[in-house]
Amino acid sequence: MRWEEEGMKQNAFIMGNKLMGSSPHVFSLIMPSIPITHTQTPYVTGTSVLGIKYKDGVLIAADTAGSYGSTTRYKSVERLRPIGQNTLVGATGEMSDFQTILQILDRLIITNAMFDDDNTLGPPDIHSYLNRVMYNQRNKLDPFWNTLVLGGVKNGVKYLGNVTMLGLHYVDDHVATGFGIHLAQPIFRNEWNEDMTLEQGTKLLEKCMLVLFYRDRSAINKMQIANITEDGVKISEPYALQTKWDYEAFSNPTVGNEGSW
Amino acid sequence: MDAHGPHGPYTTIMAVEYNGGVILGADSRTTTGVYVANRASDKITQLTDNVYLCRSGSAADTQVVSDYVRYFLNQHTIQLGREATVKTAATLVKELAYQNKSFLQAGMIVAGWDKYDGGSVYAVPLGGTLLRLPFATGGSGSSYLYGFLDQAWRPHMSKDEAERFVVKSIALAIARDGASGGVVRTVTVNEHGAERNFFAGDKLPLFHEEIPPGRNSLLA
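Small disclaimer: the values here were computed from a predicted structure and weren't measured.

**A word on the overall build of chain B**
Link 1 in the chain: Helix and strand counts for chain B come out as four helices and twelve strands.
Link 2 in the chain: For chain B, the spread of C-alpha atoms along the three principal axes comes to 70 × 40 × 30 Å.
Link 3 in the chain: Here chain B holds 220 residues, and 53% of them are scored as buried.
Link 4 in the chain: Pairs at least 24 apart in sequence give 62% of the contacts found in chain B among residues at least 6 apart.
Link 5 in the chain: Summed over all atoms, the accessible surface of chain B reaches about 10,300 Å², with 52% contributed by carbon and sulfur.
Link 6 in the chain: Across chain B, 20 positive and 21 negative side-chain charges occur, with their mean positions spaced 2 Å apart.

Next comes the structure, spelled out in structure tokens:
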């Protein structure tokens, strides 16, 4: 177990935490008080998230797999979620931490609405807040084991950014996480342009998701795309891409050189 | 990351939603290393009259979690004035699992019936993710079931179909997983309450290369 390996012992059994807004219920066990360090290992994880700006807004895509080590354990995990009216957040990494982040963001939106002053939080505000959340957790050596993609449109301004588990954050015209950094970003750099239509943008994302399905072992062929425009956030129902396996070269690749692959 | 695939939780547990309720199932083997410390253990624990918990992983960890949740739900029911919902029970289990993730090894399934959502199954795997699913499995034996479940599970089973499905699944896992064995225990929870069932080791279906008990052929 983790704490045995580290030689550290938790001096309390925790129920609830400060992030939830109420005082935590802490049950003290009789154990030596040594500094608590966490720095977890992830268990149930989501793979790449891709995001691009296009003519009318922002498109973000992710598959619906929840992996457990090398097993695809859950095949219908929604990794894209709307926040408020104008923003969407997508998560890579540990799903339990993502669920906690969603609760934190939910509280942020509700608290802001309670001011009842017609001010709503836009993508840059959520991005900034998320960055603080991630960085502060990282400073406690207890990170939220996620990389988050944050996109939206407010008052005509398109916004797309990333926040990592270390609290590194940036904005760009196209972003990717996980395997997507290595496989999708190069394609974005070559083929993205500012005036893409919804159809062109979707095609570009689907092309990249297909590459990821072929080459990322944690990816599955069941994905969602979210379209955020001035009118709001729309997340598609899960759907699958058409794959191609009927290349001549695939049918008998080892003829003439037996033993190879 | 790879080393943290299905491992450790030495057991097979599952829960399935059916038309009108849920069926929870588990094997009955507890091992300490290679020795079977208990061949008739009960891994399905009651949290309230209408919510039960399947436990896998460290026996001590899951016992402590279920004790706390039972205590909280008991108080909650008194204060609320009506029975707790499955979602509430599952959220409490998740909260303990998530907040103490660095030193718990507990994979749990919460299932039950309430009048708002009917039968519900919630998985709480290592790490403390909370997922509502039509069916869930856990423990080391569950590795052997993914293929079978992908092929054989259908939504909207009847109570008898669902129970036979659970028993068959656990029996298949027991057949291949050394850490699972013994009897199959099931608990059926619906609007009428909860009902325990017991399927003895020698009454389970037999599979490939397994034979029924018989007479020694030399003594014919």
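Resuming the write-up.
**A word on the packing of aromatic side chains**
Residues and elements named next belong to chain A.
Link 1 in the chain: Counted under the stated rule, the structure contains seven aromatic pairs over all chains.
Link 2 in the chain: Taken together, a centroid distance of 5.6 Å and an interplanar angle of 85° make the contact between Tyr214 and Trp245 edge-to-face. Separated by 31 residues along the polypeptide, Tyr214 in helix H6 (residues 198-215) and Trp245 in the loop between strand S15 (232-235) and helix H7 (248-251) bring together distant segments of the chain.
Link 3 in the chain: The class for Trp245 is exposed, based on a relative accessible area of 54%.

**Digging into the sheet that holds strand S8 (residues 118-124) of chain B**
Residue and element names in this part refer to chain B.
Link 1 in the chain: The five strands lie next to each other as S5-S6-S7-S8-S9, forming an open sheet whose pairing is antiparallel. Unpaired on one side and paired on the other, strand S5 (44-46) and strand S9 (131-133) mark the two borders of the sheet. In this sheet, neighbouring strand axes are inclined to one another by 25° on average, regardless of whether the strands run parallel or antiparallel.
Link 2 in the chain: Where S5 and strand S6 (residues 51-57) come together, three bridges link them in antiparallel fashion. Bridge pairing in S6 links Thr45 to Leu53.
Link 3 in the chain: With respect to the sheet, helix H2 (residues 86-99) is in contact with S6, strand S7 (106-114) and S8, its orientation differing from that of S7 by roughly 165°.

**Comments concerning H6(A)**
Note on helix geometry: an α-helix contains 3.6 residues per turn, so any two residues three or four positions apart are oriented the same way.
All names here are of chain A.
Link 1 in the chain: Counted at 1.5 Å a residue, the expected span for H6 with its 18 residues is 26 Å, and the 26 Å between its end C-alpha atoms agrees.
Link 2 in the chain: For H6, the full list of buried residues reads Gly201, Thr202, Leu204, Leu205, Cys208, Met209, Leu210 and Leu212.
Link 3 in the chain: Buried residues along H6 sit in contact with strand S4 (49-54), strand S5 (57-63), helix H4 (179-183), helix H5 (185-191) and strand S14 (223-229).

**Describing the pairing of strand S12 (residues 193-199) of chain B**
Residues and elements named next belong to chain B.
Link 1 in the chain: The pairing of strand S11 (residues 184-190) with S12 spans seven bridges and is antiparallel. Within the sheet, the bridge partner assigned to Asn190 lies in S12 and is Gly193.
Link 2 in the chain: The turn linking S11 back onto S12 is made up of two residues.

**A look at the nonpolar core**
Link 1 in the chain: Within the largest apolar cluster, 45 residues are counted, with the highest numbers of intra-cluster contacts made by A:Leu130 and B:Leu24.
Link 2 in the chain: The biggest single contributor to this core is helix H2 (residues 95-114) of chain A, with seven residues.
Link 3 in the chain: Setting aside its immediate chain neighbours within four residues, A:Leu130 contacts A:Val89, A:Ile101, A:Leu105, A:Leu148, A:Leu150 and A:Val163.

About the criteria used
Residues numbered from 1 in each chain as written. Chains lettered and ligands numbered in written order. Predicted model: local features only at pLDDT ≥ 70, side-chain atom pairs only at ≥ 80, totals over all residues. Heavy atoms only, no water. Helix = DSSP H or I, 4+ residues; strand = E, 2+ residues; numbered from the N terminus. Buried < 20%, exposed > 50% of the residue type's maximum accessible area, 1.4 Å probe, protein only. Contact = heavy atoms within 4.5 Å. Areas by Shrake-Rupley, 256 points an atom, 1.4 Å probe, with all protein chains shown as cover. Lys, Arg positive; Asp, Glu negative; His and termini not counted. Charge placed at Lys NZ, Arg CZ, Asp CG, Glu CD. Phe/Tyr/Trp six-rings, centres within 6.5 Å; stacked < 30°, edge-to-face > 60°. Pairing = 2+ DSSP bridges. Axes fitted to C-alpha atoms, helices over the stretch in contact; angles between N-to-C directions. Expected span 1.5 Å × (residues − 1). Core = buried A, V, L, I, M, F, W, Y, C linked by side-chain atoms within 4.5 Å.

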